[in-house]
Amino acid sequence: MQLLVNALIAGSLAALIAGGLAVVYGVLGVFNLALGQLALIGGYTTWWLYQVLHLPLGLSIILGLACGALVTWVTFEIAVRPFFKHHRFLPLVTTIAWSMILDGLILLVFEERPRSILPGLKHIYEFSGIRISLEQGLLILATLVILLSFAYVFHRTSLGRRIRAVVQHEHAALSLGVPAGLLHGFLFVLSGVFAAAGGIFIGIDQSLTPTLAFPLTIKAYAAIIAGGKGNLWGAILFAYVIALLEQLLVGVHWFGAFYVPAGYQQTVALLFIIVILLIKPAGFFGNSSRTA
Amino acid sequence: MSILRISHLSLSLGGQQILDGINFNVEEGEVIGVIGPNGSGKTTLFNVLSGFLKPSHGTIHFCDKDITSYSASERARLGIGRVFQNFGIFRDMTLEENVLVALEALPKERRKALGNIKEVVKGTLAMVGLSQFAKRKAGSLSGGQMRLLEIARTLKAEKQLFLLDEPTAGVSPKMTSQIADLISELKREKKTVLIVEHDLPFISKICDRVIVLDVGKIVLTGKPQEVKQSKELQEIYFGANPAD
Amino acid sequence: MTFLLHVIAITAMSAPHILGYNLILGKGKILHFGPLGTSIIASYVTFLVTMTFSNYFLGLLAGLVAVVAVSSLFAWISFRMEPDGFGVMSIAMHLSFLAVVLNWHSVTRGALGIPRVPRFPFLETPADFALFAVVIVVLWIAFLWVLDRGSYGRKLAALSEQEWQAKSLGIDRRTVHWVAFVVVGLGALLTNIQFHQYIFLVHPNDFNFAYLIFMIMVVVAGKPGSIFGCVLSLILLSFLREGIRFLPLDADVLGPLRLIIFGVILLGVVYWRRDVLFPKPRSI
C-alpha cells in the first residue's frame, strides 16, 4: 500500500512534466531534451529565494515558476524557433546542446551539493499502515488541480479549441486567423512552467541535485512514447504507471531473496518502453499517423 | 473595384521557377476558375495568396492594401478565406467546435456584431444540412460533407475572398452539385471566389472568367466558353497533336 | 613535445569511434545518441574478459561479440520507433548501461573502475601509442572510404534522403542500417582498446554525456558525412578540448565551463550546418 502512495507521489511529479511535454510534441513535433534542466531551474530558484533570501514560501514558488517560464522562453528563442521550421529533428540536437549549457550554469551557480527547499522534519501522517507527509499530500492535490484545470481549458474553452485546431491542421487554423506562431511559443513556455512545478515539487519533497536532470527527461519521454505521441492523457497515465513500476521494482522483496538496488530505478523506464514497443510500436493509444 | 491585384508575382524554389511573372486583377463579386495541367503552379499560387509561401518578386494588393508581407493569420483576419484540397477540417473536434474555432478567431468587433455565437453555429450547420451531426467528430463525415462544412464555415467567418482548392476533388457527383449551389450562394452574397479545378464542365457552369496557368505563367484568360474552345488549351492539356 | 605526442595519441585514438559515428549520424542521418552505450559495453566486456583469463585474444573476441550484440539491439529498437523517439531512447539506453556498470559492484567495481589494464607488449611510451593509433586510424579511414564510395554508401545516402523511394528501388533499410550500427560499434572497440591501455584504467566517467556532445560537435562541424571534414574538425576540437585544461581556473569551475563552451559551440555549429545536417524536406 505504501508503494502505491509512493507511486502516486512520484507519478504526480512525472505526470506534470510529461503532460506539458506531450502538448509541445503534439503541436510542434519537437522533443525538448533540456526539459530536466528547466525543471531543476524552477526548483533551484525557489530554493535560493526561500532558503537564501528568506522570502515567503508562496512567493518563492511563484517566482520560481516565473523564472522557469523565462528560461523556457529563452530556450525556445535560442534552441527551437530558429530550427524547427527548417527540419523537425534539428531541435533534438540543439536542445541537447542547450541542456549542456544549462547543466554547466546550474553546476557553477548551485554546485553539486543536494539542495532541499524544505529540509528537516515534515508533518507525517500515518493511517492504515501508510505514511505520508502533509507536504506530499498537498503536492499530489496540487498536481490533480493543475491537470484538471488544464483539461478544462483544453476541452471547454476557446483557447483550448485553438490549441487543438493548431494540432490537428495548422494551415487550416492559420487560414481562419488563429495565430499559430504565438501559440507555439505559448505552449512551449507552458510546458516549461509545468516542468518547473515538477522541479519545485522535487525540491520540497526530496532534494535537488544536477544529476537529476536527464533521468527526469528520459522518464517523461518514456511516458509519451508509451502513451502514443500527441496523446496528452496517455502520457499522463503512463507517467503514473512508470512510477508504480519503479516503486515495485525496488520496493518488493523479489522471490523472498533480494532487493533490486535503487540505482536501477532509471532502467525501469527504458525496459518499459522496450516492452511496449514489442507489443505496440505506435504506443498504447497511438494514432496511426500525424498530418505532417 | 479590384478587390485583388497581383503584380509580377514570381516564386522560385530550389532553383526552379514555380511562378513566373503572374499579373491579374480580380473584381469584387467575380468567380474565377484557375486551371492548368499538373505542376503548373495553381496550388502554389494559392499558397502564396494565403500567405504560406513568400514570393521572390511581386506584390499582392487586397482591398487596396499591400499584403505581400502579411502572415497567413493576418490575411485571414483581413478577410481572405481558404478551402484546402486535403480537407482543412479538425477531425478530432465536433462539427460545432469546427465552426466555433472559425468564429472565435474573428476580430473582437466582428465577433460581437455576429450576436449569439451558438445561433450562428446552428445556422451554419443548417445551411449545409449537417445539423444532425453537430455533436459528432468531424472526421466521421464523408469527403463531400467535410467540403461543405469547410466552405460554410469560411462563409460564416465573414471572409470576402475565397480561395477554393479543388473543391470537388474526392467528392461524389451529388455532393458536387451541392457544392456548386453553395458557390452560387457565395456569388449572390457578392463574395469573390477563386477556384482551382480540373473539372472543366464544373468550371464552365459557375465561373465568370477562367485563367489558364502553364509552367508558372498565365497563358490564357477569358470567358469559360472562349477558353474551352481555344487551340492553346487543347495543346496545353493534350499536346500539339490531340487525338480526334 | 610529450604533450604534443599526447594530443596526437588521444586524437588518433578517438578517431575510429567518431568517424564511425560520422557514418551513421552524418551520412545516414540516423538519430543515434547512444554510441557511448555500445562503447561502455565494448570496454567493460573486453577488459573484464582479458583480465579474468589473462588473454587478450579472448578479450577482443568477447568484445567483438558484445559489440555486435549491442549494436544489433540498438538497430532493432531503431526499426521499431520513429527517428526522434529513437534518439531519446538511445540516450536512455546509454544511461541505463551506465547505471548497470555503476551498480554491479561485484563485477565492474562500480565507480572505482578497473585499474591496471594490461598493455600490448609493444605499447610503452606516448610515442608508441601515437604511432600505433595513427596506423590504426589510417587503415580505418581507408575502410570507411571504400564503404562510403561504394554501393553501400550510395544506399545509405539514398535511404537518408528519400526512404520510401529507396525502398521501392529494392534497398533493404534493415540491412543497411544494421551495418551502420555495427560499424559505429567496431569503431568504438578500436578506440577503446587503445584508450584504456593508454590510461591504464577503465572508468565510467569516460562514458559520460559530455563526451557525446563532443562527438556530435565534431561530426556536425566537419560537415556531416564527410570523412576528411570530420578528421579536420576532430583535430581542431581535440586541441581546443585539451587546451582548455590549461586555463588557470579551479576544477570546480573548469568542468562546468567546459560544458558551457561545448554547448555553445555545438549550437553555433548546428546553426551553421543546418542545411547539411538535416536538409529541409521539399514539400512542393
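Calculation criteria
Residues numbered from 1 in each chain as written. Chains lettered and ligands numbered in written order. Predicted model: local features only at pLDDT ≥ 70, side-chain atom pairs only at ≥ 80, totals over all residues. Heavy atoms only, no water. Helix = DSSP H or I, 4+ residues; strand = E, 2+ residues; numbered from the N terminus. Rg over C-alpha atoms; globule rule 2.2 N^0.38 Å. Buried < 20%, exposed > 50% of the residue type's maximum accessible area, 1.4 Å probe, protein only. Contact = heavy atoms within 4.5 Å. Areas by Shrake-Rupley, 256 points an atom, 1.4 Å probe, with all protein chains shown as cover. Lys, Arg positive; Asp, Glu negative; His and termini not counted. Charge placed at Lys NZ, Arg CZ, Asp CG, Glu CD. Buried area = accessible area lost by both parts, 1.4 Å probe. Salt bridge = Lys/Arg side-chain N within 4 Å of Asp/Glu carboxyl O. Polar contact = N/O pair within 3.5 Å; in protein donor to acceptor, adjacent residues only side chain to side chain. Nonpolar A, V, L, I, M, F, W, Y, C, P; charged D, E, K, R; others polar. Pairing = 2+ DSSP bridges. pLDDT = per-residue confidence, 0-100. Patch = residues over 30% accessible without salt bridge, like charges linked within 9 Å, V, L, I, M, F, W, Y side chains within 5 Å. Phe/Tyr/Trp six-rings, centres within 6.5 Å; stacked < 30°, edge-to-face > 60°. Lys NZ or Arg CZ within 6 Å of the ring centre and 35° of its normal. 1 Å grid on protein atoms, 1.4 Å probe; cavity = no way out; pocket = protein on both sides within 12 Å on 5 of 7 lines; lining within 4 Å. Points joined across faces, edges and corners; volume = space filled by probe spheres on them. Axes fitted to C-alpha atoms, helices over the stretch in contact; angles between N-to-C directions. Expected span 1.5 Å × (residues − 1).

### Considerations on the overall build of chain B
Line of reasoning, step 1. Assigned secondary structure in chain B consists of 10 helices and 10 strands.
Line of reasoning, step 2. Here chain B has a C-alpha radius of gyration of 18 Å; the compact-globule value for 244 residues is 18 Å, and the two agree.
Line of reasoning, step 3. Projected onto the principal axes, the alpha-carbon positions of chain B cover approximately 55 × 40 × 35 Å.
Line of reasoning, step 4. Here chain B holds 244 residues, and the buried ones make up 54% of them.
Line of reasoning, step 5. Residue pairs in contact within chain B that sit at least 24 positions apart in sequence constitute 68% of those at least 6 positions apart.
Line of reasoning, step 6. Split by element, the accessible area of chain B, about 10700 Å² in all, is 49% carbon and sulfur.
Line of reasoning, step 7. When the 32 positive and 28 negative side-chain charges of chain B are each reduced to one mean point, those points stand 6 Å apart.

### Quick look at the interface of chain C and chain A
Line of reasoning, step 1. Facing the 43 residues of chain C at the interface are 42 residues of chain A.
Line of reasoning, step 2. Carbon and sulfur atoms supply 82% of the area that chain C and chain A bury against each other, a total of about 4000 Å² over both sides.
Line of reasoning, step 3. The interface formed by chain C and chain A holds 0 salt bridges in total.
Line of reasoning, step 4. Run the count over chain C and chain A and you get 0 residue pairs in polar contact (both at pLDDT 80 or more).
Line of reasoning, step 5. At the level of elements, helix 3 (56-80), helix 4 (83-103), helix 10 (209-221), helix 12 (251-272) and helix 13 (274-277) of chain C are the ones that each hand at least two residues to the side of chain C that touches chain A.
Line of reasoning, step 6. Sorting elements by how many residues they give to the side of chain C that touches chain A places helix 4 of chain C first, with 14 residues.
Line of reasoning, step 7. Its residues placed into classes, the side of chain C that touches chain A shows 32 nonpolar, 5 polar and 6 charged.

### Here's the deal with the sheet that holds strand 4 (residues 57-62) of chain B
Residues and elements named next belong to chain B.
Line of reasoning, step 1. As summarised here, the arrangement of the 4 strands in space is 2-1-4-5, forming an open sheet in which the pairing is antiparallel. Where the open sheet ends on each side, the last strands, each with one partner, are strand 2 (16-27) and strand 5 (65-66).
Line of reasoning, step 2. As defined by bridge partners, strand 1 (residues 2-13) adjoins strand 4 across 5 bridges and the pair is classed as antiparallel. Looking across to strand 4, one finds that Leu4 is bridged to Phe62.

### Brief notes about unusual backbone geometry
Line of reasoning, step 1. In the Ramachandran plot, Glu111 of chain A falls in the positive-phi region, its phi being about 60° despite a non-glycine side chain.
Line of reasoning, step 2. If you trace the backbone, Glu111 of chain A turns up in the loop between helix 4 (90-110) and strand 1 (124-127).
Line of reasoning, step 3. The exposure class assigned to Glu111 of chain A is partly exposed, which follows from its relative accessible area of 40%.
Line of reasoning, step 4. One non-glycine residue with positive phi stands out, namely Phe87 of chain B, at about 60°.

### A short note on the environment of Gln194 of chain C
Residue and element names in this part refer to chain C.
Line of reasoning, step 1. With respect to the secondary-structure elements, Gln194 resides in helix 9 (residues 173-199).
Line of reasoning, step 2. A relative accessible area of 3% places Gln194 in the buried class.
Line of reasoning, step 3. Sequence separation between Gln194 and Arg274 is 80 residues, and the spatial gap between their C-alpha atoms is 33 Å.
Line of reasoning, step 4. Not counting residues within four places of it along the chain, the set of residues in contact with Gln194 comprises Met13, Phe129, Phe132, Ala133 and Ile136.

### What to know about the confidence of the model for chain A
Line of reasoning, step 1. Put simply, chain A has an average pLDDT of 82, and 89% of its residues get 70 or more.
Line of reasoning, step 2. This model gives residues 288-292 of chain A a pLDDT under 50, and the stretch forms 4 contacts once residues within four places in sequence are excluded.

### A word on a nonpolar patch on the surface
Residue and element names in this part refer to chain C.
Line of reasoning, step 1. On the surface, a nonpolar cluster with roughly 620 Å² of combined accessible area is contributed by Met1, Leu4, Ile8, Val134, Val138, Ile235 and Phe239.
Line of reasoning, step 2. Those elements that provide at least two residues to the nonpolar patch are helix 1 (2-27), helix 6 (126-149) and helix 11 (227-244).
Line of reasoning, step 3. Note on placement: Val138 falls in helix 6.
Line of reasoning, step 4. By relative accessible area, Val138 is classed as partly exposed at 49%.

### Looking at the packing of aromatic side chains
Line of reasoning, step 1. Scanning the entire structure with this criterion turns up 24 aromatic pairs over all chains.
Line of reasoning, step 2. Judged by centre distance (6.4 Å) and plane angle (45°), the ring pair of Phe76 of chain A and Phe84 of chain A falls under tilted. Per residue, the accessibility class of Phe76 of chain A equals that of Phe84 of chain A, and both read buried.
Line of reasoning, step 3. Their ring planes at 90° and their centres at 6.4 Å tell us that Phe74 of chain C and Phe97 of chain C sit as a pair that is edge-to-face. With a gap of 23 residues between them, Phe74 of chain C in helix 3 and Phe97 of chain C in helix 4 connect regions that are remote in the sequence. This pair shows no difference in class: Phe74 of chain C is buried, exactly as Phe97 of chain C is.
Line of reasoning, step 4. Three or more aromatic residues link up through ring pairs in this structure, and these residues are Phe47, Tyr56, Phe120, Phe122 and Phe132 of chain C.
Line of reasoning, step 5. One cation-aromatic arrangement involves Arg119 of chain C over Phe200 of chain C; the distance from NZ or CZ to the ring centre is 4.1 Å.

### Details of empty space enclosed by the protein
Residue and element names in this part refer to chain B.
Line of reasoning, step 1. Taken as a whole, this structure holds 5 cavities of 30 Å³ or more when the rule is applied.
Line of reasoning, step 2. The space that makes up the largest cavity amounts to roughly 60 Å³.
Line of reasoning, step 3. Around the largest cavity, the lining residues are Ile35, Leu200, Ile203, Ser204, Val210, Pro224, Val227, Lys228 and Leu233.
Line of reasoning, step 4. Counting only elements with at least two residues in the lining of the largest cavity, the list comes to helix 8 (200-206) and helix 9 (224-229).
Line of reasoning, step 5. By residue class, the composition of the lining of the largest cavity is 7 nonpolar, 1 polar and 1 charged.

### A look at the sheet that holds strand 8 (residues 192-196) of chain B
Pairing between the strands of a sheet comes from backbone hydrogen bonds, and it takes one of two forms, parallel or antiparallel.
Residues and elements named next belong to chain B.
Line of reasoning, step 1. As summarised here, the arrangement of the 6 strands in space is 6-7-8-3-9-10, forming an open sheet in which the pairing is mixed. Both outer strands of the open sheet, strand 6 (80-83) and strand 10 (217-222), are each paired with one neighbouring strand and no more. Averaged over all pairs of adjacent strands, the angle between their axes in this sheet comes to 20°, without regard to strand direction.
Line of reasoning, step 2. Note: strand 3 (residues 31-35) against strand 8, 4 bridges, orientation parallel. Residue pairing in the sheet places Val31 in a bridge with Val193 of strand 8.
Line of reasoning, step 3. Along the sheet, helix 1 (residues 42-50) makes contact with strand 3, strand 6, strand 7 (161-165), strand 8 and strand 9 (209-214), crossing strand 7 at roughly 145°.

### A few points about the side chain of Asn98 of chain B
All names here are of chain B.
Line of reasoning, step 1. Inspection of the secondary structure assignment puts Asn98 in helix 3 (residues 95-104).
Line of reasoning, step 2. Separated by 2.9 Å, the side chain of Asn98 and the backbone nitrogen of Phe90 make a polar contact.
Line of reasoning, step 3. Beyond its immediate chain neighbours, meaning those up to four positions away, Asn98 contacts Ile89, Phe90, Met93, Ala138, Leu149 and Arg153.

### Observations regarding helix 12 of chain C
Line of reasoning, step 1. With 22 residues, helix 12 of chain C ought to run about 32 Å at 1.5 Å a step, and its terminal C-alpha atoms sit 31 Å apart, in line with that.
Line of reasoning, step 2. Taken residue by residue, helix 12 of chain C has Leu254, Pro256, Leu259, Ile260, Phe262, Gly263, Leu266, Leu267, Val269 and Val270 of chain C as its buried positions.
Line of reasoning, step 3. The secondary structure elements touched by the buried residues of helix 12 of chain C are helix 3 (57-84) and helix 4 of chain A together with helix 10, helix 11 and helix 13 of chain C.

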